Every structure is written in structure tokens, then in C-alpha cells.
Amino acid sequence: MWFTRSRAQTMPSTQGTAIEKSRAHSHDSGIAVMGSVSSSNIDFASCMDHVTEFQLLSDLYNETTQKAAVFEVEKQSMQQALASLKQDYVLLAYHSIGSTLYDYRNLSRIEELLLEACKANPALPTIESVAPGLCHIDQFGFKHVFMEKVPAMQYVCRQLNYHYVNETFLKNENSCRKVLDNVANGKILMRTLKELARAGIPADYRAIFWSFVVRMSTNELRDKQGLHYFLDLKRMVTKAEVSRTFHEQIAKDLPRTLPTNCHFSHGDSEGIDKLYVVLQSFCLHCPEIGYCQGMNFIAAISLLFLRSEESFW
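Quick caveat, the model's predicted, so the values are computed rather than measured. (Residues numbered from 1 in each chain as written. Predicted model: local features only at pLDDT ≥ 70, side-chain atom pairs only at ≥ 80, totals over all residues. Heavy atoms only, no water.)

(A) Structural detail: the packing of helix α7 (residues 229-236) against helix α9 (residues 270-285). One way to put it is that α7 packs onto α9 with a least axis distance of 9 Å and a crossing angle of 100 degrees. In terms of their interaxial angle, α7 and α9 are classed as roughly perpendicular. Only Val277, Ser281, Leu284 and His285 of α9 make contact with α7, whose side of the interface consists of Tyr229, Phe230, Leu233, Lys234 and Met236. Classifying every residue of the contact of α7 with α9 by side-chain character gives six nonpolar, two polar and one charged. (Axes fitted to C-alpha atoms, helices over the stretch in contact; angles between N-to-C directions. Helix = DSSP H or I, 4+ residues; strand = E, 2+ residues; numbered from the N terminus. Parallel < 35°, antiparallel > 145°, perpendicular 65-115°, else oblique. Contact = heavy atoms within 4.5 Å. Nonpolar A, V, L, I, M, F, W, Y, C, P; charged D, E, K, R; others polar.)

Here it is, written out as C-alpha cells:
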């Protein structure tokens, strides 16, 4: 009984303490929640400021990008117009140099254009290389010697014109890349190739185009004759009777083919040996025709850009 009364007497006190603690905890929690809500409001407001700032920067970036795209188009258009003006200028200079009306003070502008173009194409002649009495060798191996300034400057203008034509072709990335891809995939039409050839294929890509034309025109015959047909003919050049039949005529024409080209100017030139093999191989391939004058020029020009086997076909 004593224990029961004692416990009963102490219970209200314990419950009171627990209630007070609960109330105190609730009060503290309320303060904490209010503080958290207040902090969230501050963080949210800050976040909204960042979002607004980001949106403004994004709009500014888009506007700047659009302006840059328009500027790039205008820049390319101006560069094309400038290139066209340069080309027209050197053509007019070419036809005017030597005339009594030509102002030779304009030659300094030709020199400026030449120095600028030489940075992109070092194979172009320089004013020093075409000085009277000097020998200038162009990118194909042809020798040029000028004894007077007028023909030398006309030659410079002509080479500059070729350079600008090539640049126009190469800078037109879409059409240039499309044509080269079609050539590589064998999808280009012969009519398109003829148009390109007549317009002037840049020297750097001439070997690609010519090689493709050779393959496209001779695929069936090459498949019929076999993979090593040219090599077999090449081995027979010094042994076959047909070779001896046309040897004298071919030997006479070899040094007369491209005497101003360093690849064919001497009897021991590499081009002379290749030309002889190509011509004799054709005689072996088609003995009823054999060698005819004029074949040497066709084969020699092709050898400037193609391998011996491609030149043969």
C-alpha cells in the first residue's frame, strides 16, 4: 500500500515534467522550422536572381552568335569579291603590260599580290626568279627563261591568275568536297568531269581526277588482262621483237618530247625512262597500231601527274 501510494503520489509530478519538456521541444521545433522556411525563402530568391541573370546572358549569347553568323557570311562574300577583283586586275595587267599606255608604276601592286600569293603557294614565281637571264622552274618542272621584263611580268600575271582560279575552287568547300567525295566513291558522271576539266582542275587535285578517269575508262579491260598485266609488259620491253621494231622511232622522239621540262630534258632523266617504258608497253599491247608520233606528248604530260601504269592505260 505504501508503495502504491508513493507511486501514485509521484506520477503527477513525472507527467508534468514530460509535458513541460514536450512543450519546450515543440516551441524549439517551431523556431527551427520558421528559421528553415526563412532560410529557404532567401535561397529561393537568390536562385531566381541567378536564373534571371543566366537567361539574360543566354539571350545575349544567342544574339551575338546570330550576328557573328551574319558577319561571317558577309566576310566570305567580301573575300570572294576581293578575290574576283584580284583576278580581274592581274588579267588586265597581263593584257596591258607592254602597251604604251601602261603605267609601270602599277608593277609594284603586282609584286604585292605576288608576295601575298606566295605565302599560300610557294611554287609561284618570284620577281627575282624571273629576272632577265635566270631560269625559273615551275611546279610541273618546266623551265622558263626571260630576257626582257615585259614577258616575265606577263608570265607572273598569268601564274597569279591560275592561282586565284584554284583558290576559288578550293575555297568553295561544299562543291569541292562533294566532287572529291564523288570521285573517291566512283559516283561522278563523265559529263561533270568534262565540265571540270574545261573549267580547269587545280593542279593539286589533277592527279586524283585523272586517275579516276583512267580507272573508270579501263576497268573492264584491266579486269580482263589481269592485275599484273603492265608489269608483265614492262619485263618484255627489252626482249620482244615488237619493241625492237619501234625502238628507233621512239628513241628519236624521246629527247624532243618536253625538252624544256627538267623531267625529260636529258637522256638520263627519270621521265625519259618512264616514257620509253610506257610507249613500248603500248606497242606490245597493241602491235597492229604500234607507235605513232604524238603519243609521246600525251604520255609525257600524263606522267607529270600519274604513275607509269596509269599513264599506260
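Moving on, there is more to tell.
(B) Representation of helix α10 (residues 295-303). For α10, the complete set of buried residues consists of Asn296, Ala299, Ala300, Ser302 and Leu303. The buried side chains of α10 occupy one side of the element, clustering within an arc of 165 degrees when seen end-on. (Buried < 20%, exposed > 50% of the residue type's maximum accessible area, 1.4 Å probe, protein only. Arc of directions from axis to C-beta.)

(C) Representation of the nonpolar core. Judged by nonpolar contacts, the single largest core of 27 residues is most densely connected at Ile250, Leu254, Phe264, Leu275, Leu279, Tyr291 and Phe312. Broken down by secondary-structure element, the contributors of at least two residues to this core are α7, α8 (241-257), α9 and α10. Here this core takes eight residues from α9, the largest share from any one element. Grouped together as the second largest cluster of nonpolar side chains are 19 residues, Ala93, Leu107, Leu114 and Phe146 included. (Core = buried A, V, L, I, M, F, W, Y, C linked by side-chain atoms within 4.5 Å.)

(D) Here's a closer look at the packing of aromatic side chains. Taken as a whole, this structure holds seven aromatic pairs when the rule is applied. A ring pair is formed by Phe230 and Phe312, whose centres lie 5.3 Å apart and whose planes are at 40 degrees; its orientation type is tilted. Highlighted residues: Phe230 in helix α7 and Phe312 in helix α11 (residues 308-312), separated in sequence by 82 residues. For Phe312, a relative accessible area of 8% translates into the label buried. Pairwise contacts between aromatic rings join Tyr229, Phe230, Phe312 and Trp313 into one cluster. (Phe/Tyr/Trp six-rings, centres within 6.5 Å; stacked < 30°, edge-to-face > 60°.)

(E) Region of interest: the pattern of salt bridges. For the coordinates displayed, the defined rule picks out nine salt bridges. In this structure, Glu112 and Arg109 form a salt bridge, with 3.2 Å as the shortest nitrogen-oxygen distance. Placement of the pair is Glu112 and Arg109 together in helix α2 (residues 107-120), with a separation of three residues, close to one helical turn. For Arg109, a relative accessible area of 45% translates into the label partly exposed. (Salt bridge = Lys/Arg side-chain N within 4 Å of Asp/Glu carboxyl O.)

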